[in-house]
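# Structural characterization, general
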Amino acid sequence: EDQVTQSPEALRLQEGESSSLNCSYTVSGLRGLFWYRQDPGKGPEFLFTLYSAGEEKEKERLKATLTKKESFLHITAPKPEDSATYLCAVLLNQAGTALIFGKGTTLSVSS
Amino acid sequence: NAGVTQTPKFQVLKTGQSMTLQCAQDMNHNSMYWYRQDPGMGLRLIYYSASEGTTDKGEVPNGYNVSRLNKREFSLRLESAAPSQTSVYFCASSGGFYNEQFFGPGTRLTVL
C-alpha cells in the first residue's frame with residue numbers, strides 16, 4: 001500500500017532555532033513530491049515540487065530536499081510567522097492516480 | 001486573479017438535506033479536485049476532473065457526486081447529508097494532472 005508519513009506530528013522551536021521536518025514515503029513509483037504550508041482556517045499554499053533524488057529547492061528560510069525514500073524540509077532561523085502546518089504529498093508514476101497527502105507537521109515558533 | 005474560489009464558506013445542514021458546494025478557478029487550469037480534511041486523517045481526495053468533460057472517483061467518493069460544468073467550474077453535491085460528512089472541503093486546480101495544485105479557502109460543513 002502506498003503511504004506517506006510525516007514526522008514529527010508537532011514541533012516547537014524558539015525563534016532562530018533551525019530544524020528539519022521529515023516526509024517518508026513507500027510508494028510503487030514516485031513521479032513527484034510536493035510541500036505545502038497550511039495556516040489555521042485556510043487552504044494549503046503550495047511551496048515546492050521535487051521530482052528526482054538529489055534535487056533541492058529553496059525559498060526564504062525554507063529548503064526542501066529529496067532522497068529515494070524521504071524528503072526533508074529544513075527551516076533555517078525560523079521566525080514566528082513560519083508557524084503553520086506543513087504538508088507533504090506524493091504523486092505516483094501511475095496513470096489515473098492523484099496526490100497522496102501525509103497528515104502534516106504542525107510547527108510553532110515562539111519569540 | 002482570485003485563484004480558486006469556493007462558496008459557501010460555512011454551512012450547517014440537517015441529516016438528509018442536500019446541498020451543492022461550488023468551486024471556480026480563473027487560472028485556465030485543466031484539472032480540478034475536491035478533497036475533504038478531517039482531524040487526524042489528513043487531506044483525502046473525493047473526486048477529480050483531469051480535464052473538462054471527465055470526472056473520476058478518488059479515495060472517498062461514497063455519498064458525493066460531482067459536475068465539471070465547464071473549464072472554470074467544478075461542483076460537489078451531497079444528495080442526502082450524513083453526520084459523517086461533517087468536514088472541511090477544499091477545491092483545488094492544476095495546470096495539468098501532474099502539476100502542483102492550488103487550493104481554495106475551504107468550506108466548513110457541519111451535518112447535524
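Here goes a summary of the coordinates provided. Keep in mind that what you see is a predicted model, and the values were worked out from it rather than measured.

Criteria and cut-off values
Residues numbered from 1 in each chain as written. Chains lettered and ligands numbered in written order. Predicted model: local features only at pLDDT ≥ 70, side-chain atom pairs only at ≥ 80, totals over all residues. Heavy atoms only, no water. Helix = DSSP H or I, 4+ residues; strand = E, 2+ residues; numbered from the N terminus. Contact = heavy atoms within 4.5 Å. Disulfide = S-S within 2.5 Å. Buried < 20%, exposed > 50% of the residue type's maximum accessible area, 1.4 Å probe, protein only. Phe/Tyr/Trp six-rings, centres within 6.5 Å; stacked < 30°, edge-to-face > 60°. Core = buried A, V, L, I, M, F, W, Y, C linked by side-chain atoms within 4.5 Å. Buried area = accessible area lost by both parts, 1.4 Å probe. Polar contact = N/O pair within 3.5 Å; in protein donor to acceptor, adjacent residues only side chain to side chain. Nonpolar A, V, L, I, M, F, W, Y, C, P; charged D, E, K, R; others polar. Salt bridge = Lys/Arg side-chain N within 4 Å of Asp/Glu carboxyl O.

The subject of this paragraph is the environment of A:Phe48. All names here are of chain A. Along the chain, Phe 48 falls in strand β5 (residues 45–50). Sequence separation between Phe 48 and Leu 107 is 59 residues; the distance between their C-alpha atoms is 17 Å. When neighbours within four sequence positions are excluded, Phe 48 is seen to be in contact with Leu 33, Phe 34, Trp 35, Lys 57, Glu 58, Lys 59, Leu 62, Ala 64 and Leu 73.

The full count for this structure, using the stated rule, is two disulfides over all chains. Covalent S-S linkage joins A:Cys23 and A:Cys88, the inter-sulfur distance amounting to 1.9 Å. Taking the sign of the torsion about the S-S bond as the criterion, the disulfide between A:Cys23 and A:Cys88, at about 60°, is right-handed. Here A:Cys88 lies in strand β9 (residues 84–92) and A:Cys23 lies in strand β3 (residues 19–26), a separation of 65 residues in the sequence. According to the relative accessible area criterion, A:Cys23 is buried, its value standing at 0%. With its sulfur 1.9 Å from that of its partner, B:Cys23 forms a disulfide with B:Cys91. Taking the sign of the S-S torsion, -70° for the link of B:Cys23 and B:Cys91, the bridge is left-handed. Residue B:Cys23 is located in strand β3 (residues 19–25), and its partner B:Cys91 is located in strand β9 (residues 87–94); the two are separated by 68 residues in the primary sequence.

Turning to the packing of aromatic side chains, a few remarks are in order. This structure, assessed with the given rule, holds eleven aromatic pairs over all chains. With a centroid separation of 5.6 Å and an interplanar angle of 90°, the aromatic rings of A:Phe101 and B:Tyr35 are classed as edge-to-face. On the criterion of chain membership, the pair formed by A:Phe101 in strand β10 (residues 100–101) and B:Tyr35 in strand β4 (residues 31–38) is interchain, its members lying in two chains. Neither A:Phe101 nor B:Tyr35 differs from the other in exposure class; each is buried.

Turning next to the nonpolar core. A:Leu33, A:Trp35, A:Phe48, A:Leu62, A:Leu73, A:Tyr86 and A:Leu107 are the most contacted members of the largest nonpolar core, which has 23 residues in total. The next biggest cluster of nonpolar side chains, apart from the first, holds 20 residues, and it includes B:Met32, B:Ile46, B:Val66 and B:Ala81.

Taken residue by residue, the interface counts 19 residues in chain B and 21 residues in chain A. Summed over both partners, the interface of chain B with chain A buries about 1500 Å², with 59% contributed by carbon and sulfur atoms. Viewed at the interface, chain A and chain B are joined by four residue pairs in polar contact (both at pLDDT 80 or more). Those elements that place two or more of their residues in the side of chain B that touches chain A are β4, β5 (42–49) and β10 (102–103) of chain B. Counting residues per element, the side of chain B that touches chain A draws most heavily on β5(B), which supplies four residues. Residue classes in the side of chain B that touches chain A are distributed as eleven nonpolar, six polar and two charged.

Turning our attention to unusual backbone geometry. In the segment running from A:Ser7 into A:Pro8, the intervening peptide bond is cis, with an omega of -10°. Within the secondary structure, A:Pro8 is located in the loop between β1 (3–7) and β2 (10–14). Its identity as a non-glycine residue notwithstanding, A:Ala77 has a phi of 45°, on the positive side. Structurally, A:Ala77 can be placed in the loop between β8 (70–75) and β9. For B:Asn28, which is not a glycine, the phi torsion comes out positive at approximately 60°. Inspection of the secondary structure puts B:Asn28 in the loop between β3 and β4. Here B:Asn28 falls in the exposed class, since its relative accessible area comes to 56%.

In this section: the pattern of salt bridges. Under the counting rule described, the total for this entry stands at seven salt bridges over all chains. Close ionic contact of A:Lys63 with A:Glu56 constitutes a salt bridge, the shortest N to O distance being 3.4 Å. Using a relative accessible area of 48% as the deciding quantity, one classes A:Glu56 as partly exposed. B:Arg77 is the partner of B:Glu79 in a salt bridge, and the nearest nitrogen-oxygen pair spans 3.1 Å.

All quantities given are derived from atomic positions and should not be read as evidence of function.
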